[in-house]
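Remarks on the overall topology
Each chain is listed here by its residues.
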Amino acid sequence: MPLLLDFADNAIKINVRTSKKARRLRLVSGINGVEAIVPLDYRAEELQSFVSSRKDWIIKTSQYYSRLKERCGGIEPDTIYFLGSKYHFHVVKDKKTSAVVSEAMKVITFHMADRRRYKEEMQEWYKEQIGRVIAERLPLLAGRLNMKFGKVSIKSQKSRWASCSKKGNMNFNLLLAAAPLEVIDYVIIHELTHLVEMDHSSRFWQLVKEADPDYKKHKEWLAIYSPVIKIR
Ligand SMILES: [Zn+2]
């Protein structure tokens, strides 16, 4: 049951979610609002006073996320991001699987035999598309930075855009197909830089900046769009 907070001029709805694992009350804020995660045996008055004590933080983060939501246009059904642009998508039944991208109309039509499997088909398509971009950009950027990389795989990952191993093997999240090319380049540069600097130290960011002077903007794109980049 949601808890409605009325802070004079801003009413903020807080969704309350009970969790078996939660040991104490916790608040999380995101593009879809503020959520209170509470243990099964929480007391309502305790939650009420906890929430009141975090009032300033709640207002601040809610405003931050609502600005972000405005900037990325919110979440709409039947839309898919591809290389930084938002497209509407249609799914049509067909014997052969294919996707037709109309850049002018900003529409992608997915053809497939079983329309119920559209999410899997779209994932496959994303995987193919980002695979093609990485296959082209990674050797080029590695050459420019004088780095050697190992095996490359494209995966469906929940919480990471990419990762790399000490051997130089690299994983990229298939959802990166949603990002603009310069953001994909940034992710590649980020991983290549990890081959010389494992941690996110100031030296690490200095090296990233040398390879991508606009890296802050690119990093921010990922932060802004990650809540809306999904296959739905
Ligand atoms: Zn990193």
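Up top you'll find the structure we're talking about.
The following paragraphs examine the structure supplied in this document. As the structure is a prediction and not an experimental result, all values here were calculated from the model.

Here is what the cut-offs are and how they apply
- Residues numbered from 1 in each chain as written.
- Predicted model: local features only at pLDDT ≥ 70, side-chain atom pairs only at ≥ 80, totals over all residues.
- Heavy atoms only, no water.
- Helix = DSSP H or I, 4+ residues; strand = E, 2+ residues; numbered from the N terminus.
- Contact = heavy atoms within 4.5 Å.
- Areas by Shrake-Rupley, 256 points an atom, 1.4 Å probe, with all protein chains shown as cover.
- Lys, Arg positive; Asp, Glu negative; His and termini not counted.
- Charge placed at Lys NZ, Arg CZ, Asp CG, Glu CD.
- Pairing = 2+ DSSP bridges.
- Axes fitted to C-alpha atoms, helices over the stretch in contact; angles between N-to-C directions.
- Parallel < 35°, antiparallel > 145°, perpendicular 65-115°, else oblique.
- Left-handed = near helix turned anticlockwise from the far one by under 90°.
- Nonpolar A, V, L, I, M, F, W, Y, C, P; charged D, E, K, R; others polar.
- Buried < 20%, exposed > 50% of the residue type's maximum accessible area, 1.4 Å probe, protein only.

What follows covers the overall build of the protein. Looking only at helices and strands, one finds 6 helices and 11 strands in the protein. Overall, the C-alpha framework of the protein stretches about 60 × 50 × 35 Å when taken along its three principal axes. Put simply, of all contacts in the protein between residues at least 6 apart along the chain, 45% involve residues at least 24 apart. Total accessible area computed for the protein in this model is approximately 14300 Å², and 50% of it derives from carbon and sulfur atoms. Taking the average place of the 41 positive charges on the side chains of the protein and the average place of its 27 negative ones, the gap between the two points comes to 4 Å.

What follows is about the sheet that holds strand 7 (residues 98–102). Taken together, the 4 strands give an open sheet; going across it, the order is 5-6-8-7, and neighbouring strands pair in mixed fashion. Only two strands of the sheet have a single partner each, and these edge strands are strand 5 (79–82) and strand 7. Direction aside, neighbouring strands of the sheet carry axes that sit 35 degrees apart on average. Sheet analysis places strand 7 next to strand 8 (residues 107–112), joined by 5 bridges and oriented antiparallel.

Attention now goes to the packing of helix 3 (residues 118–145) against helix 4 (residues 181–194). Between helix 3 and helix 4, the least distance of the axes is 10 Å, while the angle of their chain directions is 55 degrees. Taken together, the axis directions place helix 3 and helix 4 in an arrangement best described as oblique. For the pair helix 3 and helix 4, the sense of crossing is right-handed. In this structure, helix 3 contributes Ile 130, Val 133, Ile 134, Arg 137, Leu 138, Leu 141, Ala 142 and Leu 145 to the contact, and helix 4 contributes Leu 181, Ile 184, Asp 185, Ile 188, Ile 189 and Leu 192. Among the residues forming the contact of helix 3 with helix 4, the class breakdown is 12 nonpolar, no polar and 2 charged.

Our focus in this paragraph is the sheet that holds strand 11 (residues 170–173). The mixed open sheet is built from 3 strands, whose spatial order is 9-11-10. With partners counted over all chains shown, the strands left at the sheet margins are strand 9 (152–155) and strand 10 (162–164), one partner each. For this sheet, the mean inter-axis angle between neighbouring strands, taken without regard to orientation, is 15 degrees. Contacts between helix 3 and the sheet are confined to strand 9 and strand 11, with strand 9 contributing the most and set at about 150 degrees to the helix.

A few words now on the pairing of strand 5. Of the two faces of strand 5, the one lined by Thr 79 and Tyr 81 and the one lined by Ile 80 and Phe 82 are each fully buried. Here 4 bridges tie strand 5 to strand 6 (residues 85–93), and the two strands are oriented antiparallel to one another. Residue pairing in the sheet places Ile 80 in a bridge with Tyr 87 of strand 6. Connecting strand 5 to the antiparallel partner strand 6 that follows it, the hairpin turn spans 2 residues, and Leu 83 within it adopts a positive phi of roughly 45 degrees.

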